[in-house]
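Fold and contact review
Read off the chains here:
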Amino acid sequence: MMKLYRDKDVDIDLINNKKIGIIGYGNQGRAQALNLFDNKLDIKIGLRDKSSSIKDVLKDGLEFCSIRELIKWADIITFLIPDEVMGKVFNQEIAPLLNRKQVLLFSHGYNIHYKKICPPDNVDIIMVAPSGPGYLVREKFINGSGVPNLIAVHNDYSGDAFNIALSYSFHIGGTRIGAFQSTFKEECETDLFGEQVILCGGIPKLIKMAFNTLVESGYQPVVAWFVCFYEVKMIVDLFFEKGFDYMNSAISDTAEYGGYNIGNQLIDKNISNKMKNVLKDIQSGDFNREWSKESKEGYQGLMKMREHERDSLIEKTSQIIFKNIFD
């Protein structure tokens, strides 16, 4: 079984005297920066000129500077800007200024795995990847807990890269609940697969298709919404607490029987084969090439799909219900 690293396994003082530069101040950047700051570490935020995040950094009481100034100042450089721009920023503003013995820290394996970023050999290259969005990394930390982290080492120049990653994980709250060792390749490919097949692709699409099936069969959108959308959180909470068997013991026999029967009919070998094809596209780099092309062309396909989803009946129903019931 994979080893679980907790607070007791960490040299928590290892990065206490290190200067930590955070590039980017989005959801993940802000969460990690504030957690590090609360643990009394020396941090600065690196931002592009006229960045819209400057006001947020100042509001949070943190220091910021240009990315170039940050690279000259920092011992540990944490990359928390979007995947599709990270390579360009690294090549133009960071690579020429890197110093021997600096640590490059990533929270996603994408740019290293697909070789969009090829750092020199005389720096540590590590990953500390929270298994959750930034707001949760911050919220759990404030409440004395944390979000599990995946930790990896791509280049161990110092001989202490893994322990540095563990220490960083401790300071953002990861080892409070647990950190696991992985690789940049494994984190990248499994993360993309999970997003596409389950989290952002499979579950939302299944909910929308089920909602549309009921509405097209004459049922009220609000009733269809509660059955296909609202109740998802409750069922996920059940199996997240202790597993699927626990969930089955908490639901009716009718629901359990129907779930087994119809679940196997819906999610069959055809779906399994499609999932394998998704994974092959990720492993081969086809998805990376497709996404790179999309970003270079100004996200035209993404914008069309985004607009289509915003105009859907389930989205309009959601907004009405949230406004009138849950606000």
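Predicted model only: the values in this text are computed from it and were never measured. (Residues numbered from 1 in each chain as written. Predicted model: local features only at pLDDT ≥ 70, side-chain atom pairs only at ≥ 80, totals over all residues. Heavy atoms only, no water.)

1. So, the overall build of the chain
Stated precisely, the cut-off is as follows: Helix and strand assignments follow DSSP, with helices taken as H or I runs no shorter than four residues and strands as E runs no shorter than two, numbered in order from the N terminus. For this measure, only C-alpha atoms enter the radius of gyration; the expected value for a globule follows 2.2 Å times N^0.38, where N is the number of residues. Here, two residues are considered to be in contact whenever any of their heavy atoms come within 4.5 Å of each other. Accessible areas in this description were obtained via Shrake-Rupley with a 1.4 Å probe; residue shielding takes into account the shown protein chains only. Working convention for charge: Lys and Arg count positive, Asp and Glu count negative, and His plus the chain ends are omitted. Charged groups are reduced to one reference atom each: NZ for lysine, CZ for arginine, CG for aspartic acid, CD for glutamic acid.
In terms of helices and strands, the chain carries 17 helices and nine strands. The C-alpha atoms of the chain give 22 Å as radius of gyration, which agrees with the globular expectation for 327 residues (20 Å, within 12%). In terms of its C-alpha atoms, the chain occupies a principal-axis envelope of roughly 65 × 45 × 40 Å. Counting contacts in the chain only where the partners sit at least 6 residues apart, residues at least 24 apart contribute 66% of the total. As displayed, the chain has an accessible area near 19,100 Å², and 54% of this comes from carbon and sulfur atoms. For the chain, the distance from the average site of its 39 positive side-chain charges to the average site of its 43 negative ones is 4 Å.

2. Remarks on the pairing of strand 8 (residues 149–155)
The line we're drawing: Following DSSP output, two strands are said to pair if at least two bridges run between them.
Here strand 7 (residues 124–130) pairs with strand 8 via six bridges, running antiparallel. Considered in strand 8, the bridge of A129 is made with L150. Sheet topology note: the strand 8/strand 9 (residues 179–181) ladder contains three bridges and is parallel. Considered in strand 9, the bridge of N149 is made with A179.

3. Some words on unusual backbone geometry
Convention followed: In this scheme, a residue with accessible area under 20% of its type's maximum is buried, one over 50% is exposed, and one in between is partly exposed, where area comes from a 1.4 Å probe on protein chains only.
Unlike most non-glycine residues, K40 shows phi in positive territory, near 65°. Note that K40 resides in the loop between helix 1 (27–38) and strand 3 (42–47). A relative accessible area of 74% places K40 in the exposed class. In this structure, K115 takes a positive phi of about 60° despite not being glycine.

4. Structural notes on the packing of helix 10 (residues 202–216) against helix 11 (residues 221–242)
Filter applied, for reference: Structural elements are reduced to axes, namely lines fitted to C-alpha atoms, with helices fitted over the stretch in contact, and the angle between N-to-C directions of any two is expressed from 0 to 180 degrees. An angle below 35 degrees is read as roughly parallel, one above 145 as roughly antiparallel, one from 65 to 115 as roughly perpendicular, and any other as oblique. With the far helix as reference, a near helix turned anticlockwise by less than a right angle produces a left-handed crossing, and one turned clockwise produces a right-handed crossing.
Put simply, helix 10 and helix 11 touch, their axes get as near as 9 Å, and they point 155° apart. By the angle between their axes, helix 10 is roughly antiparallel relative to helix 11. By crossing handedness, the relation of helix 10 to helix 11 is classed as right-handed. Facing I207, A210, F211, L214 and V215 of helix 10, the residues of helix 11 in contact are P221, A224, W225, C228, F229 and V232.

5. Structural notes on the pattern of salt bridges
A side chain of one charge can pair with a side chain of the opposite charge if their charged atoms are brought near each other. Selection criterion: Should a side-chain nitrogen of Lys or Arg be within 4 Å of a carboxyl oxygen of Asp or Glu, the pair is scored as a salt bridge.
Evaluated as defined, the whole model comprises nine salt bridges. Taking the shortest distance from any N to any O, the salt bridge between E189 and K185 comes out at 3.0 Å. In this pair, E189 and K185 are both assigned in helix 9 (residues 184–199), four residues apart and thus about one turn of the helix distant. The exposure class assigned to E189 is buried, which follows from its relative accessible area of 6%. Judged by relative accessible area, which is 45%, K185 ranks as partly exposed. For K233, the salt bridge identified is with D237, shortest N-O distance 2.8 Å. With K233 and D237 both in helix 11 and four residues apart, the pair spans about one turn of that helix. Owing to a relative accessible area of 56%, K233 belongs among the exposed residues under this scheme. A residue is classified by how much of its surface remains accessible, and D237, at 37% relative accessible area, is partly exposed.

6. What about the layout of surface pockets?
In plain terms, the rule: Only protein atoms enter the calculation, which uses a 1 Å grid: trapped sets of points that fit a 1.4 Å probe without letting it out are cavities, open sets showing protein on both sides within 12 Å along at least five of seven lines are pockets, and any residue with an atom within 4 Å of a point is a lining residue. Grid points are joined across faces, edges and corners, and a volume is the space filled by probe spheres set on the points.
Reported here for the second largest pocket is a volume of approximately 240 Å³. Around the second largest pocket, the lining is made up of 13 residues, and of these E84, K116, S292, S295 and K296 lie nearest the centre. Taken together, the elements giving at least two residues each to the lining of the second largest pocket come down to helix 4 (83–94), helix 5 (110–113) and helix 15 (286–296). Considering each element in turn, the lining of the second largest pocket owes the most residues, five residues, to helix 4.

7. Here's the deal with the packing of aromatic side chains
Note the threshold: Whether two aromatic rings pair depends on their centres lying within 6.5 Å, for rings of Phe, Tyr and Trp, where Trp uses its six-membered ring; planes under 30 degrees apart make the pair stacked, over 60 edge-to-face, and the rest tilted. Think of it as a cone above the ring: NZ of Lys or CZ of Arg counts as a charge over the ring if it is within 6 Å of the ring centre and within 35 degrees of the ring normal.
This structure, assessed with the given rule, holds 13 aromatic pairs. Ring geometry for F106 and F184: centres 6.2 Å apart, planes at 75°, overall edge-to-face. Remark: F184 occurs in helix 9 and F106 occurs in strand 6 (residues 103–106); sequence separation between them is 78 residues. Accessibility assignment for this pair places F106 and F184 in one class, buried. Aromatic pair F239 and F244: ring centres 4.7 Å apart, planes at 40°, arrangement tilted. Residue F239 is classed as partly exposed on the basis of its relative accessible area of 28%. Members of the aromatic cluster, joined through ring pairs, are W225, F226, F229, Y230 and F322. If you follow K3 out to its NZ or CZ, it ends over the ring of Y5, 4.9 Å from the centre. Cation over ring: R176 sits above F141, and NZ or CZ is 4.3 Å from the ring centre.

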